[in-house]
Amino acid sequence: MKRLVNDGYDVVEELLEGFAEANKEYVELLEHDKRVIVSKKRGNQSKVGIIIGGGSGHEPLFINYVGENFADASVVGNVNTSPSPEPCYNAVKAVDTGKGCLYMYGNYEGDVMNFDMGAEMAADDDIQVETVIVTDDVYSAKNIENRRGVAGDIFVFKAAAAAAAKGLELPEVKAAAEKANLATRSMGVALSSSTLPATGKNIFAMDDGDMEIGMGIHGEPGIRRDKIRSADEVVDEILGYILDDHSLENGDEAYVLVNGLGGLPLMDQYIVYRRVEQVLSEKGITIYQNLVGNYATSMDMVGMSVTLVKLDEELKELLDYPTDIPNIKF
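Residues numbered from 1 in each chain as written. Predicted model: local features only at pLDDT ≥ 70, side-chain atom pairs only at ≥ 80, totals over all residues. Heavy atoms only, no water.

## A short note on the UniProt feature "domain: DhaK" (unreviewed entry) in the protein chain
Note the threshold: UniProt positions are given in the numbering used here, feature names are shortened, and annotations may be inferred rather than shown by experiment. Secondary structure elements follow DSSP: runs of H or I of four or more residues count as helices, runs of E of two or more count as strands, with numbering from the N terminus.
Residues annotated in UniProt with the feature "domain: DhaK" (unreviewed entry) correspond here to residues 7–328. For residues 7–328, helix accounts for 32% and strand for 24%, while the C-alpha atoms at its two ends are 28 Å apart.

Have a look at this one:
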């Protein structure tokens, strides 16, 4: 294992301690629950509380998206494991200002179960909590509601956070998140496994020189395994699946994310973006904004994903809303 850790079973606590210390102007760990990161930039405004979360190992997702006009709290589970219900509930108690809270996370069974339990606990305190589950991974299921949430998470989080920052009520904030989710499609490719810090072993077996199109960020199976091909060939295949599933067409505008999964050099990511821009330009689709870098990783996995968000004026305004979060361009 080529990792710099101490005890593999302490990585989450040490990650969160280091993150909070490095970004103390932005965030703090909840005093009585060190699995909850809370924004210091919430201000005195009464607003809908924005709470995101999931398993660790995907940094900067979810912790770096806590800050001004973004998430008010992030709930952190063990590596590739959902948070338990108690911190989900504690996050609500920490950030609710009387207007209710919105949970947002990727569509994974453990997250759904435990966040739902957190919402039930909050309801016992007469705090309304709504949920939007992100489902942007196009190949993970035929029906959108059954799909996994991957790097497209960040656009759904941002849209809802902007709506909350504008002072909208909980139903409107939830609607903004749902709209962003329906407008977002992602797909990725893995060229290696990631390694678990507790064991030092790969999550799954992959021969050197192989790749898997459509693999999930936890190693969920994709479309097929093949020998590594050129960047342009990989992008063309991924975009083919995304565009076949999406309603993007000539004259539309898109927000584009090329996301590294942890071990792919930025050189390669920009080569990928180059081809994404070429393909979309050929189809008459304008790139309104772009992000290139590691936004939702799988620890040290070598791979990347492409996300396209179909924009209208409302989504542009929400995604352009000013924010200040640790070390992330958005």
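Still more to cover.
## What to know about the pattern of salt bridges
Which entries qualify depends on this criterion: A pairing counts as a salt bridge when a side-chain nitrogen of Lys or Arg comes within 4 Å of a carboxyl oxygen of Asp or Glu. Buried means the residue's accessible area, taken with a 1.4 Å probe over protein chains only, is under 20% of the maximum for its type, while exposed means over 50%, and partly exposed covers the values in between.
Applying the stated criterion across every chain, the model contains 24 salt bridges. Here Asp226 makes a salt bridge to Arg229, at a shortest N to O gap of 3.8 Å. For Asp226, a relative accessible area of 29% gives the class partly exposed. With a relative accessible area of 24%, Arg229 lands in the partly exposed category. Ionic contacts of the salt-bridge type, sharing partners, join the residues Arg224, Asp226, Arg229 and Glu237 into one network.

## Here's the deal with the sheet that holds strand E3 (residues 49–56)
To be explicit about the condition: Only when DSSP finds a minimum of two bridges between them are two strands counted as paired. Axis geometry follows a simple rule: fit a line to the C-alpha atoms, using only the stretch in contact for helices, then measure angles between N-to-C directions, giving values from 0 to 180 degrees.
Pairing is mixed in the open sheet, where 6 strands are placed in the order E1-E2-E4-E3-E5-E6. Bordering the open sheet on either side are strand E1 (27–30) and strand E6 (129–134), each of which pairs with just one other strand. Strand-to-strand twist of the sheet, defined as the mean angle between neighbouring strand axes without regard to direction, takes the value 25 degrees. With 6 bridges connecting them, strand E5 (residues 101–106) and E6 associate as parallel partners.

## Quick word on the environment of Ala164
For the record, the criterion: We call two residues in contact whenever any of their non-hydrogen atoms come within 4.5 Å of each other.
Along the chain, Ala164 falls in helix H4 (residues 153–165). Its relative accessible area of 0% is what places Ala164 among the buried residues. In the structure, Ala164 is positioned 116 residues away from Val48 in sequence and 5.4 Å away in space, judged by C-alpha atoms. The contact partners of Ala164, leaving out residues within four places of it in the chain, are Gln45, Lys47, Val48, Ile50 and Val173.

## Here's the deal with helix H2 (residues 85–95)
H2 sits mainly inside the fold: 8 of its 11 residues count as buried. For H2, every residue scored as buried is listed here: Pro85, Pro87, Cys88, Tyr89, Asn90, Ala91, Val92 and Val95.

## Brief notes about the sheet that holds strand E12 (residues 303–310)
In space, the 6 strands of this open sheet follow the order E9-E8-E7-E12-E10-E11, with mixed pairing throughout. The sheet is open, and its two edges are formed by strand E9 (224–227) and strand E11 (286–293), each paired on a single side. Across this sheet, the average inter-strand angle for adjacent strands is 20 degrees, counted without regard to direction. Its contacts with the sheet put helix H6 (residues 231–245) on strand E7 (184–190), strand E8 (210–213), E9 and E12, and the angle it makes with E7 is roughly 150 degrees.

## Considering unusual backbone geometry
Note: most residues except glycine have negative phi, and most peptide bonds are trans. The omega torsion across Glu59 and Pro60 is 15 degrees, close enough to zero to call that bond cis. In this structure, Phe62 follows Leu61 across a cis peptide bond, with omega equal to 5 degrees. Residue position: Phe62 is located in the loop between E3 and strand E4 (73–79). Phi is positive for Asn80, which is not a glycine, with a value near 55 degrees. Tracing the sequence through the fold places Asn80 in the loop between E4 and H2. Residues other than glycine seldom take positive phi values, yet Asn327 does so here, at roughly 65 degrees. Summarising the element assignment, Asn327 is placed in the segment after helix H8 (313–319). Residue class for Asn327 comes out exposed when judged on its relative accessible area of 68%.

## Considerations on helix H7 (residues 266–282)
So the rule is basically this: Expected helix span is taken as 1.5 Å per residue step, with the number of steps being one fewer than the number of residues. Each C-beta atom gives one direction from the helix axis, and the arc is the one those directions make.
Helix length check: H7, at 17 residues, gives a terminal C-alpha distance of 24 Å against a target of 24 Å (1.5 Å per residue), a fit within 8%. Residues of H7 that are buried: Gln269, Val272, Tyr273, Arg275, Val276, Val279 and Leu280. The buried residues of H7 occupy an angular sector of 165 degrees when projected down its axis, which confines them to one face. Looking at H7, the residues exposed on the side facing more than 90 degrees away from the buried face are Met267 and Glu282.

## Focus on the packing of aromatic side chains
Filter applied, for reference: Two rings from Phe, Tyr or Trp (for Trp, the six-membered ring) form a pair when their centres sit within 6.5 Å of each other. Planes less than 30 degrees apart are called stacked, planes more than 60 degrees apart edge-to-face, and all others tilted. Only when the NZ of Lys or the CZ of Arg is both within 6 Å of the ring centre and within 35 degrees of the ring normal is a charge said to sit over the ring.
Here the structure, examined in full by the defined rule, presents 9 aromatic pairs. Relative to Phe115, the ring of Tyr103 lies with its centre 4.9 Å away and its plane at 70 degrees, an arrangement referred to as edge-to-face. One end of the pair, Tyr103, is in strand E5; the other, Phe115, is in helix H3 (residues 109–124), and 12 residues separate them in sequence. Classification of Tyr103 by relative accessible area gives buried; the value is 0%. Both rings, one in Tyr255 and one in Phe330, keep their centres 6.2 Å apart while their planes meet at 55 degrees; by these two values the pair is tilted. Pair noted here: Tyr255 is in strand E10 (residues 253–260) and Phe330 is in the segment after H8, with a separation of 75 residues, a long-range link. One aromatic cluster in this structure is built from Tyr65, Phe70, Phe155, Tyr255 and Phe330. Above the ring of Tyr26, the side-chain terminus of Lys41 is found at 5.2 Å from the ring centroid.

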